[in-house]
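# Survey of secondary and tertiary structure
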Amino acid sequence: MSLIKHFLIIFSTNTLIACYIKLSFCGRFMLTSSELIQAIQKYDPNLNVDLVRKAYIFSMEAHGMQKRASGSPYFYHPAEVARILTEQLHMDYTTVIVGLLHDVLEDTNVGFEELEEIFGSEIAFLVEGVTKLSHIKYTSSQVKQSESYQKFIIAVTHDIRVLIVKLADRLQNMRTLSYIKSEEKRRRIAIETLDLYAPLAERIGMNGIKDEIADIAFFTLHPNEYRAISTKLEHIRNQDNNFVQNTILELQKVLSKDEIPCSINGREKTPYSIWKKMQKRNIGLDQIYDIIAFRIIVQSVKECYAALGVVHTNFRIIPGRFKDYISIPKLNNYRSLHTTVIGTGNQPIEIQIRTEDMHRMAEEGIAAHWSYKNGDLIGKVGETQNYAWLKRLIAIIKNSPDPYEVLDNSKLEMFDDEVFCFTSKGDLITLPKGATGVDFAYEIHTDLGNTCIGVRINGKLVPLKTVLKNGDRVDIITSPYQHPEATWEDFVVTGKARSCIRKFVKSQEKGEFISLGFQLSRYIFAEMNIQFSEDLILYEKFCCDSLTKFYYNMGKGLIPLKLFRSTLLNIEGNNITFNDTSICLIDFIPDIAVHFSKCCCPILGDKIIGILQANKGLIIHQTTCRSMEESCEAFIRVKWNQDDNIETSFMARLQIIMLNHKDSFAAITNIISSNNANISNLKIEHRTTEFFSLLVDISVTDIAHLGEIQAALRACSKVKSVKRL
């Protein structure tokens, strides 16, 4: 009998009564369908009673005799998820149904089509979206898990309720984590929670859920630290001497004088948040004073600032601790005023001032937009689009060339504090702390980042890797001839910037290796005096399924040149005579498939030779370089193209011995600068009372340019000798 028919029989008979029996598991009674419906009716006037009851019975029947690790029927779990969505978050009845059904696709024989047939496409789509994230084990790097994450994020951008249900699911799982016998599995789930789910909850402002799941994970991973902090908190409570109540009374007193109606409460920070602060600041527990935060809830934004003025007038403030998240909200739309003052007993106290709506948003986050208030559904599907970080996650998914990178790059979007900067038009751009001008460019548009050649911060031209500060006005300078460099990855901090850079570099890299492989093939043909023909390249012998793959592997140095030569020697009818030929470097972008060796730093005009190195490509050395291998099997004759203008610079290293005078440094740097060269590195090698020995790396265009600089340095009275290394 099909599950649908079985379900219809149960739904239409008196056996329905059996589904309402209360059973006690995990210290609480399982929620019955009647209780669930009554709870939803309190706030959702559009409730479809029959559909909720249908989902309740369907889920119970689908999970059948399945058991949880606690020994309770599996259905206890989706029923508790529905309880969280109802009693804690006041979600619309459709979301509650998804909570009831969220595991049927993954853990039962129910298929998507069957679910869609019974409950409709909207509910089936949401259940499928929740299922996607269940497939991810964050500590693993399997491609399928990355693909599930991508699909999940795409589903979230269409309807944020997918993420809300998944977080409710994770919360219920964490509440029963202790029932899992395997310590390794408990730790894996705890790590996954701190790495993925807690940041996701924080990013959508669901701080209540974030705090609870993070604390349980913290206890699982660091039980000793958790107990130490909890003991300290208990001690503070015992030694309170009514500190919290006295502080609240004092705040109420000063605010009532200015006739500002408000409610005030004190909330203790969680053990995990205290531990994180200890780790971040490298301090002990005794050095954390703002363990309790006081919240002043007022009626309007105007009263928020009025209350702030009263607090600052009556209490001594601690400088540098004021933050205005009302004027500039956090990425998760969190809004509040934060300040720290010296309160009762000379103790620092943190005060947060916000309206009722802001407070609700701070606790429930995006769920507050999808829940009911006074009988009205507040949010719409489009609310998701207000979350810029979700858009960046989509950009990461689109630009990450390797699915292994998606999770790592997107993780960057879910952590860290924020910095607020402005475009030249005054538009606000919010970025993670530590972001640079390149991050700023990519945040505006991928093309802007890809063509970024310079950055002006507050009107001043600065290096691309300059870290942005709050309030900076940023202008991006672009050039159609610019392209991202692999070294940018060393200083960007946003996942979007990193994924875009990698995508561009890898696309360029593939093309460059294919081009180099093609040129190397022609080189070997010409060297052996064989008319070049791709038909003569037996790429199958090199485990390649295509000629393009052969060229790519050849360019990467994965195919030994000796082996390729031997296949050509075996071709009948070829009269082999080795010719003098070479590869022209003008055809390649430096530092992708062709690299200039750091040991001898060849410059345009030097006599050079190339060495093919596996997974690296072609390494260019000076012919006099002592570090080259003795074997010449992998040597490739290369040449500069003197007729073409190579628009690139080369690094040259000079050893300069100069007089130990106070103005010697200035003289040398002025000479180098006046000759249109930049100093990229400078190191004092040796120093005596009479002389300095310096190692200086400078960028030059060719050997003639370097010669001019050396001649100018030798002509300086402060310089004893100049030698190129």
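In the block above lies the structure referred to throughout.
So, how was this worked out
- Residues numbered from 1 in each chain as written.
- Predicted model: local features only at pLDDT ≥ 70, side-chain atom pairs only at ≥ 80, totals over all residues.
- Heavy atoms only, no water.
- Helix = DSSP H or I, 4+ residues; strand = E, 2+ residues; numbered from the N terminus.
- Buried < 20%, exposed > 50% of the residue type's maximum accessible area, 1.4 Å probe, protein only.
- Polar contact = N/O pair within 3.5 Å; in protein donor to acceptor, adjacent residues only side chain to side chain.
- Contact = heavy atoms within 4.5 Å.
- Phe/Tyr/Trp six-rings, centres within 6.5 Å; stacked < 30°, edge-to-face > 60°.
- Lys NZ or Arg CZ within 6 Å of the ring centre and 35° of its normal.
- Axes fitted to C-alpha atoms, helices over the stretch in contact; angles between N-to-C directions.
- Parallel < 35°, antiparallel > 145°, perpendicular 65-115°, else oblique.
- Nonpolar A, V, L, I, M, F, W, Y, C, P; charged D, E, K, R; others polar.
- Core = buried A, V, L, I, M, F, W, Y, C linked by side-chain atoms within 4.5 Å.
- Expected span 1.5 Å × (residues − 1).
- Patch = residues over 30% accessible without salt bridge, like charges linked within 9 Å, V, L, I, M, F, W, Y side chains within 5 Å.
- Areas by Shrake-Rupley, 256 points an atom, 1.4 Å probe, with all protein chains shown as cover.
- Salt bridge = Lys/Arg side-chain N within 4 Å of Asp/Glu carboxyl O.
- Left-handed = near helix turned anticlockwise from the far one by under 90°.
- Pairing = 2+ DSSP bridges.

## Some points on the side chain of His705
- Position of His705 among the secondary structure elements: in helix H26 (residues 703–714).
- With relative accessibility at 8%, the residue His705 sits in the buried group.
- Polar contacts involving the side chain of His705 include one to the main-chain carbonyl oxygen of Asn675, which spans 2.7 Å.
- Leaving out residues up to four positions away in the same chain, His705 has contacts with Asn675, Asn676, Ala677, Ser699 and Val700.

## Comments concerning the packing of aromatic side chains
- All told, the structure shown has 21 aromatic pairs when counted by the stated rule.
- Taking the centre distance of 5.5 Å and the plane angle of 90 degrees together, the rings of Phe518 and Tyr551 count as edge-to-face. Here Phe518, found in helix H22 (residues 495–527), pairs with Tyr551, found in helix H23 (residues 547–555); they are 33 residues apart in sequence, far enough to count as distant.
- Accessibility expressed as a relative area gives 27% for Phe518, which makes it partly exposed.
- Site record: aromatic cluster; members linked through ring pairs are Phe518, Phe525, Phe532, Phe542, Phe550, Tyr551 and Phe564.
- Over the face of the ring belonging to Phe691 we find Lys720, whose NZ or CZ atom lies 4.6 Å from the ring centre.

## With respect to the packing of helix H12 (residues 207–221) against helix H13 (residues 223–238)
- Closest axis-to-axis distance for the H12/H13 pair is 5 Å, and the angle between their directions is 120 degrees. Viewed along their axes, H12 and H13 adopt a mutual orientation that is oblique. In contact with Asp215, Phe218, Phe219, Thr220 and Leu221 of H12, H13 contributes Pro223, Glu225, Tyr226, Arg227 and Ile229.
- For the contact of H12 with H13, the residue count by class is 6 nonpolar, 1 polar and 3 charged.

## Some points on the nonpolar core
- Formed by 101 residues in total, the largest nonpolar core has its most connected members in Leu36, Leu85, Leu101, Leu115, Phe119, Phe294 and Ile351.
- Phe525, Phe542, Phe596 and Ala677 belong to the second-largest nonpolar core, a separate cluster that totals 57 residues.

## Points about H12
- Between the first and last C-alpha of H12 there are 20 Å, a value that for 15 residues agrees with the 21 Å anticipated at 1.5 Å per step.
- Of all 15 residues making up H12, 11 are buried, and the element is well covered by its neighbours.
- Residues of H12 that are buried: Asn207, Ile209, Lys210, Asp211, Ile213, Ala214, Asp215, Ala217, Phe218, Thr220 and Leu221.

## Points about a nonpolar patch on the surface
- Residues Ile679, Leu682 and Ile684 make up a contiguous nonpolar surface patch of roughly 220 Å² in combined accessible area.
- In this structure Ile684 comes out as partly exposed when scored by relative accessible area, which is 43%.

## Overview of the packing of helix H14 (residues 243–257) against helix H16 (residues 301–314)
- Look at H14 against H16: their axes get within 10 Å of each other, and the N-to-C directions meet at 115 degrees. As the angle between them shows, H14 and H16 are arranged roughly perpendicular. Considering how the two elements wind past one another, H14 and H16 form a crossing that is right-handed. Residue-level inspection shows Leu251, Val254 and Leu255 of H14 in contact with H16, the latter providing Ala307, Val310, Val311 and Asn314.

## Focus on the sheet that holds strand S13 (residues 452–457)
- Judged by pairing direction, the sheet is antiparallel, and its 3 strands sit side by side in the order S14-S13-S15 without closing on themselves. Each having just a single partner strand, strand S14 (460–462) and strand S15 (474–478) make up the two edges of the open sheet. For this sheet, the mean angle separating the axes of adjacent strands, direction not counted, is 35 degrees.
- Sheet contacts for helix H20 (residues 437–444): S13 and S15; angle to S15, the most-contacted strand, approximately 80 degrees.

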